[in-house]
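# Descriptive structure summary
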Amino acid sequence: MTTDSVKRAESTPDEPMPFAELGMKQDEYDRVKEILGRRPTGSELAIYSVMWSEHCSYKSSKVHLRQFATKAPHSDALLVGMGENAGVVDIGDGWAATFKIESHNHPSYVEPHQGAATGVGGIVRDIMSMGARPIAVMDALRFGGAHQDDTRRVLPGVVEGISHYGNCLGLPNIGGEVAFDECYIGNPLVNALCVGLLRKDQIKLATAPGPGNKVVLFGASTGPDGIGGASVLASATFEDESQAKRPAVQVGDPFMEKLLIECCLELYAADVVVGIQDLGAAGVSCATTELAAKGTGGMAVDLNLVPLRDPSLRPEEILMSESQERMMAVVRPSDIPAFMAICEKWDVPATVIGEVTDTGRLVMTWHGETIVDIPPGTAADEGPVYERPFHEPAGQAALNADTPDTLARPADLRATLLQLLGSPNLASKAWVTDQYDRYVRSNTVLAQPADAGMLRISEAIAGAEPTTRGIALSTDGNGRYAKLDPYAGAQLALAEAYRNVAVTGAKPLAVTNCLNFGSPEDPEVMWQFAEAVRGLADACRTLGVPVTGGNVSFYNQTGSTAIHPTPVVGVLGVIDDVAKRVPTGFVAEGLRVALLGDTAAEFGGSEWAHVAHGHLGGLPPEADLEAERALGAVLVEAAARGLLEGSHDLSDGGLAIALAESCLARGIGATVALSGEPFTDLFSESAGRALVVVRPEAFDEFAALCAEHEVPCYGLGVTGGESLVVQDVLEVPVSELRDTHSGALPAVFG
Amino acid sequence: MARVIVDVMLKPEILDPQGQAIARALPRLGFSGVSAVRQGKRFEIELEGPADEAAIADVRKMAETLLANTVIEDYTVRVEA
């Protein structure tokens with residue numbers, strides 16, 4: 001079998017290469033030839049094609065994502081910003097948290113169980129590579145209509161995969177979302193978030209400095225996973241025996257990942273790691289080019305040393321393999337024995353495959369022949385950048401003009417409440433979240449169905465004083481809002497996640513995002529993307545929370561029909577004392593119920609329009625970020641002063657759903673009175689609102705605090721009894737609310 | 001009455017963590033000389049009638065839709081003598 005060496009490439013300059021099959025454009029291929037001064041070898045083409053792919057290079061999104069940096073608010077908490085494996089924020093008392101959300105959409109459609117499982121595995125490794133112990137995960141999931149056949153294939157598989165991988169790792173799943181819309185039937189969104197904890201002086205970075213330092217590949221061996229594309233190189237170009245079709249599906253092994261976690265933490269503690277990178281998309285190609293580009297600049301690797309699960313793999317395939325549970329570390333030669341001993345203790349195979357050099361070149365050999373010789377930065381950082389054309393979608397004005405004003409208002413608000421409460425998007429998600437372990441590691445303070453997940457900071461690390469602190473996390477997104485107005489939709493997603501964190505009493509600190517869109521080559525989709533990024537960046541500045549990292553997922557479409565633009569935003573907050581957290585809902589009888597924030601008649605993209613009329617049109621609710629910020633300040637301050645007994649944010653379904661969910665939290669009813677038009681008061685989705693319950697004797701102090709921050713505070717009534725009573729409008733026993741709320745998903749999924 | 005056997009195995013190129021775990025456990029229990037293990041599933045389908053062509057075709061359909069995940073698994077169908 002011929003190896004396509006650099007020497008051979010020089011002597012056969014005109015040999016056609018299958019760049020188009022690897023998704024590379026002619027001008028991109030020409031640029032590779034210009035960089036190298038010759039045609040690339042098969043292995044070099046493998047590296048450039050994956051590193052310059054949309055997924056790795058962000059070539060269509062980069063020009064827009066820059067706003068997250070240029071518009072970033074100043075934050076003393078930010079320790080590591082965008083561009084690393086995950087952002088890191090200072091949470092006080094010497095502790096830091098690192099968190100990130102990432103998509104695994106397409107693999108989860110092809111093979112729901114393994115696709116979703118490896119999505120968890122991948123994001124956990126990102127967090128590990130920052131030097132942290134992963135402490136929790138959450139998943140933001142979107143599926144086709146609950147009644148659609150394929151949803152019954154995809155949803156149970158995805159939920160099983162997440163619970164399998166996460167439960168095996170022993171990581172609590174503390175929140176997330178489950179939403180349904182027919183636009184996701186061919187493109188479910190599986191966005192996985194992980195959060196990790198570390199001492200703030202122990203951050204690790206993906207860098208390979210110091211010539212002579214060794215490059216170690218450790219974890220699982222490399223097999224033909226997820227390299228459908230690379231087989232083109234291995235078989236089409238070189239008159240090779242016909243290769244079996246390589247699987248696009250990767251199978252994860254959570255027990256190997258668990259060993260990797262513990263192994264890495266011991267390696268960090270022993271201080272034998274100079275730089276580290278996880279292997280995700282683009283595997284060895286990505287790890288070697290990125291490590292080298294951020295370090296001294298050069299690296300020499302012998303690919304024959306990579307441990308293989310399938311000995312027939314060709315070098316091009318080794319470079320592109322996405323086999324799971326692998327990491328790459330840069331280690332001083334004198335530390336190699338200690339490094340290997342720790343790996344051996346944890347049963348983690350580890351192999352030195354090369355070393356750092358000062359040549360400025362990434363050089364790889366295969367059976368003694370040089371098959372790769374490139375400047376690593378050209379693959380890792382200097383990929384193509386596109387200013388894709390974009391314009392407002394042709395139907396956007398008509399969509400916005402089709403307001404919900406003309407929809408028939410319901411005569412029976414009790415029936416509408418029950419109809420919404422039992423609809424798939426608002427019904428209890430216990431069928432899903434009960435399959436996840438929420439309390440393993442025993443640091444979970446709040447988990448689903450609370451507004452945000454909250455964890456206490458409790459890790460046994462030498463030198464760390466005990467702390468009362470905790471972190472809170474929430475993810476939110478609403479594709480319907482973003483479809484109507486992507487700028488406002490992205491801001492509303494941030495506002496809701498921010499509010500969800502604030503209602504627990506935690507101060508929002510930082511943002512991660514997963515931007516799910518259709519094809520960037522469609523100018524209408526690109527407009528949605530550009531607007532969403534602009535909106536999110538502006539909102540982050542107003543709310544004072546920087547974006548620390550995230551992920552862009554393009555090409556979420558079936559044929560020419562794209563999903564709703566769906567920016568999913570995760571917010572991390574910190575609370576000084578977890579004992580002062582605010583639980584969700586009505587926690588006791590005899591408490592005053594108050595509504596914070598103003599309500600306008602805003603039904604565009606609302607759950608009511610969706611469920612009752614199948615209507616999507618008009619404009620989403622206004623995103624008043626200054627009001628949002630003031631509301632957050634009141635909630636955090638009130639929690640710290642011990643003024644709040646319970647709280648709940650208002651979002652999809654409006655006040656009616658928030659009241660019902662608050663009753664369901666502990667099975668305690670309430671009697672409230674409305675001051676305005678009942679339908680609008682109950683079902684409008686105006687943003688910037690929250691429900692709180694306060695002890696009667698603390699109410700004046702709380703109302704004064706609201707006045708000080710200019711947050712409207714309306715007393716609605718009191719908690720107690722066995723029914724939700726909205727005076728002169730409706731009355732529903734809590735037991736009936738519960739049956740409706742908890743019965744919906746089991747009725748569909750069994 | 002006939003019995004049809006369906007064997008389901010992960011495709012050869014797909015990672016098999018269970019098989020690997022077994023392979024790692026064998027030497028600990030004193031078994032040597034094993035280079036690899038792959039684990040699969042065996043289904044015994046009892047038919048009410050004979051295992052004729054139509055019945056076998058039916059079993060194949062069962063394998064295709066329920067017994068095997070053909071994205072990552074292969075299956076074989078045979079009649080037990």
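About the cut-offs
- Residues numbered from 1 in each chain as written.
- Chains lettered and ligands numbered in written order.
- Predicted model: local features only at pLDDT ≥ 70, side-chain atom pairs only at ≥ 80, totals over all residues.
- Helix = DSSP H or I, 4+ residues; strand = E, 2+ residues; numbered from the N terminus.
- Buried ≥ 20, exposed ≤ 12 C-beta atoms within 10 Å, placed from the backbone.
- Contact = placed C-beta atoms within 7 Å.
- Rg over C-alpha atoms; globule rule 2.2 N^0.38 Å.
- Domains from an automatic or database assignment.
- pLDDT = per-residue confidence, 0-100.
- Core = buried A, V, L, I, M, F, W, Y, C linked by C-beta atoms within 7 Å.
- Nonpolar A, V, L, I, M, F, W, Y, C, P; charged D, E, K, R; others polar.
- Pairing = 2+ DSSP bridges.
- Axes fitted to C-alpha atoms, helices over the stretch in contact; angles between N-to-C directions.
- Parallel < 35°, antiparallel > 145°, perpendicular 65-115°, else oblique.
- Right-handed = clockwise from strand over helix to strand, strands pointing away.
- Expected span 1.5 Å × (residues − 1).

### Let's talk about the overall build of chain A
- Along the backbone of chain A there are 26 helices and 28 strands.
- For chain A, the spread of C-alpha atoms along the principal axes amounts to about 85 × 60 × 45 Å.
- When each of the 750 residues of chain A is scored for burial, the buried share is 61%.
- Of all intrachain contacts in chain A linking residues separated by at least 6 positions in sequence, the fraction that spans at least 24 positions is 85%.

### Brief notes about the overall build of chain B
- A count of helical and extended segments in chain B gives two helices and three strands.
- Along chain B, helices and strands appear, N-terminal first, in the series β-α-β-α-β.
- By the compact-globule yardstick of 12 Å for 81 residues, chain B is too spread out, its C-alpha radius of gyration being 16 Å.
- In terms of overall dimensions, chain B has C-alpha extents of about 45 × 30 × 15 Å along its principal axes.
- Across the 81 residues that make up chain B, the buried fraction comes to 16%.
- Expressed as a percentage of contacts within chain B between residues at least 6 apart in sequence, the contacts between residues at least 24 apart total 68%.

### Quick word on the domain arrangement of chain A
- Looking at the assigned domains, one finds that chain A contains domain 1 (6–57 + 204–380) and domain 2 (607–749).
- A straight line from the C-alpha centre of domain 1 of chain A to that of domain 2 of chain A covers 52 Å.

### Some thoughts on the confidence of the model for chain A
- Chain-level statistics for chain A give a pLDDT mean of 92 and a share of 97% at 70 or above.
- Across residues 234–245 of chain A the pLDDT falls below 50, and counting only partners more than four positions away or on other chains, this stretch makes 19 contacts in the model.

### Let's talk about the nonpolar core
Residue and element names in this part refer to chain A.
- Met51, Val89, Ile471, Leu494, Leu572, Ala660 and Cys663 are the most contacted members of the largest nonpolar core, which totals 248 residues.
- For this core, the domains that each give at least three residues are domain 1 (6–57 + 204–380) and domain 2 (607–749).
- In this structure Ala660 touches Leu417, Leu421, Leu724 and Leu737, once residues within four positions along its chain are discounted.

### With respect to the interface of chain B and chain A
- Residue-level contacts link seven residues of chain B with 15 residues of chain A.
- When the residues that make up the side of chain B that touches chain A are grouped by side-chain class, the tally is five nonpolar, no polar and two charged.

### Description of the sheet that holds strand 26 (residues 713–719) of chain A
Residues and elements named next belong to chain A.
- Spatial strand order, 23-25-22-26-24-27-28: seven strands in an open sheet with mixed pairing. Each of the sheet's edge strands pairs with one partner strand only, and the pair in question is strand 23 (646–649) and strand 28 (730–733). Averaged over all pairs of adjacent strands, the angle between strand axes in this sheet comes to 20°, irrespective of strand direction.
- Here strand 24 (residues 670–672) runs beside strand 27 (residues 723–726); their pairing, made up of three bridges, is parallel. Residue pairing in the sheet places Val672 in a bridge with Val726 of strand 27.

### A look at unusual backbone geometry
Residues and elements named next belong to chain A.
- Between Gln448 and the following residue, Pro449, the backbone shows a cis peptide bond with an omega angle of 5°.
- The backbone phi angle of Asp271 is positive, close to 55°, even though this residue is not glycine.
- With 11 C-beta atoms packed within 10 Å, Asp271 lands in the exposed category.
- In the Ramachandran plot, His367 falls in the positive-phi region, its phi being about 50° despite a non-glycine side chain.

### Looking at the sheet that holds strand 17 (residues 507–516) of chain A
Residue and element names in this part refer to chain A.
- In space, the six strands of this open sheet follow the order 14-15-16-21-17-18, with mixed pairing throughout. For this open sheet the edge positions go to strand 14 (444–446) and strand 18 (547–553), each flanked by a neighbour on one side alone. The sheet shows a mean angle of 20° between the axes of neighbouring strands, taken without regard to direction.
- Two elements, strand 15 (residues 453–456) and strand 16 (residues 470–476), share four bridges in a ladder whose sense is antiparallel. The residue bridging Gly453 from the neighbouring strand is Leu473, located in strand 16.
- On the sheet, helix 19 (residues 486–502) packs against strand 16, strand 17 and strand 21 (566–575) and is oriented at approximately 25° with respect to strand 21.
- Contacts from helix 20 (residues 523–543) reach strand 17, strand 18 and strand 21 within the one sheet, and its direction differs from that of strand 17 by about 175°.

### Here's the deal with the packing of helix 16 (residues 413–421) of chain A against helix 23 (residues 654–666) of chain A
Residues and elements named next belong to chain A.
- Axis separation between helix 16 and helix 23 bottoms out at 10 Å; the angle between their running directions is 70°. For the element pair helix 16 / helix 23, the angle class is roughly perpendicular. Along its contact with helix 16, which presents Leu417, Leu420 and Leu421, the element helix 23 presents Ala656, Ile657 and Ala660.

### With respect to the pairing of strand 4 (residues 133–143) of chain A
Residues and elements named next belong to chain A.
- Among the eleven residues in strand 4, ten count as buried, and that is most of the element.
- Examined bridge by bridge, strand 4 and strand 6 (residues 189–199) share nine bridges and lie antiparallel to one another. When the bridges of strand 6 are listed, Arg133 appears paired with Leu197.
- Bridging between strand 4 and strand 5 (residues 173–180) involves six bridges; their strand directions are parallel. The residue bridging Phe143 from the neighbouring strand is Phe180, located in strand 5.
- At this point the chain moves from strand 4, through helix 8 (residues 149–169), to the parallel strand 5, and the crossover so formed is right-handed.

### Regarding the packing of helix 3 (residues 42–51) of chain A against helix 11 (residues 283–294) of chain A
All names here are of chain A.
- At a minimum axis distance of 9 Å, the contact between helix 3 and helix 11 shows a crossing angle of 85°. Here helix 3 is positioned roughly perpendicular relative to helix 11, judged by the angle of their axes. Seen from helix 3, the contacting residues are Ala46, Ile47, Val50 and Met51; seen from helix 11, they are Ser285, Cys286 and Thr289.
- For the contact of helix 3 with helix 11, a count of residues per class yields five nonpolar, two polar and no charged.

### A short note on the environment of Asn513 of chain A
Residues and elements named next belong to chain A.
- In this structure, Asn513 sits in strand 17.
- When the C-alpha positions of Asn513 and Leu494 are compared, they lie 9.1 Å apart, and in sequence the two are 19 residues distant.
- Asn513 has contacts with Ile101, Leu536, Val547, Gly550, Pro567, Val568, Val569 and Gly570, leaving out every residue within four places of it along the chain.

### A closer look at the pairing of strand 8 (residues 275–278) of chain A
Residue and element names in this part refer to chain A.
- Of the two faces of strand 8, the one carrying Gly275 and Gln277 and the one carrying Ile276 and Asp278 are both buried.
- Bridge count for strand 8 against strand 10 (residues 326–331) is four bridges, and the pairing is antiparallel. Bridging from a neighbouring strand, Ile276 pairs with Ala329 of strand 10.

### Focus on the confidence of the model for chain B
Residue and element names in this part refer to chain B.
- Mean pLDDT for chain B: 93, with 100% of residues reaching 70 or above.
- The least confident element of chain B is helix 1 (residues 17–28), whose mean pLDDT is 92; the most confident is strand 2 (residues 40–47), at 96.
- Reported confidences for the modelled complex are a pTM of 0.92 and an ipTM of 0.72.

### Focus: helix 19 of chain A
- Under the 1.5 Å per step criterion, the end-to-end length of helix 19 of chain A is 24 Å for 17 residues, consistent within 8% with the ideal 24 Å.
- Counting buried positions over the 17 residues of helix 19 of chain A gives 17, a clear majority of the element.

### Observations regarding the environment of Gly161 of chain A
Residues and elements named next belong to chain A.
- Relative to the assigned elements, Gly161 resides in helix 8.
- Take Gly161: there are 26 C-beta atoms within 10 Å of it, and that puts it in the buried class.
- Note: C-alpha distance between Gly161 and Leu716 (555 residues apart in sequence) is 43 Å.
- The residues contacting Gly161, other than those within four sequence positions of it, are Pro112, His113, Gln114, Gly115, Ala116 and Ala117.

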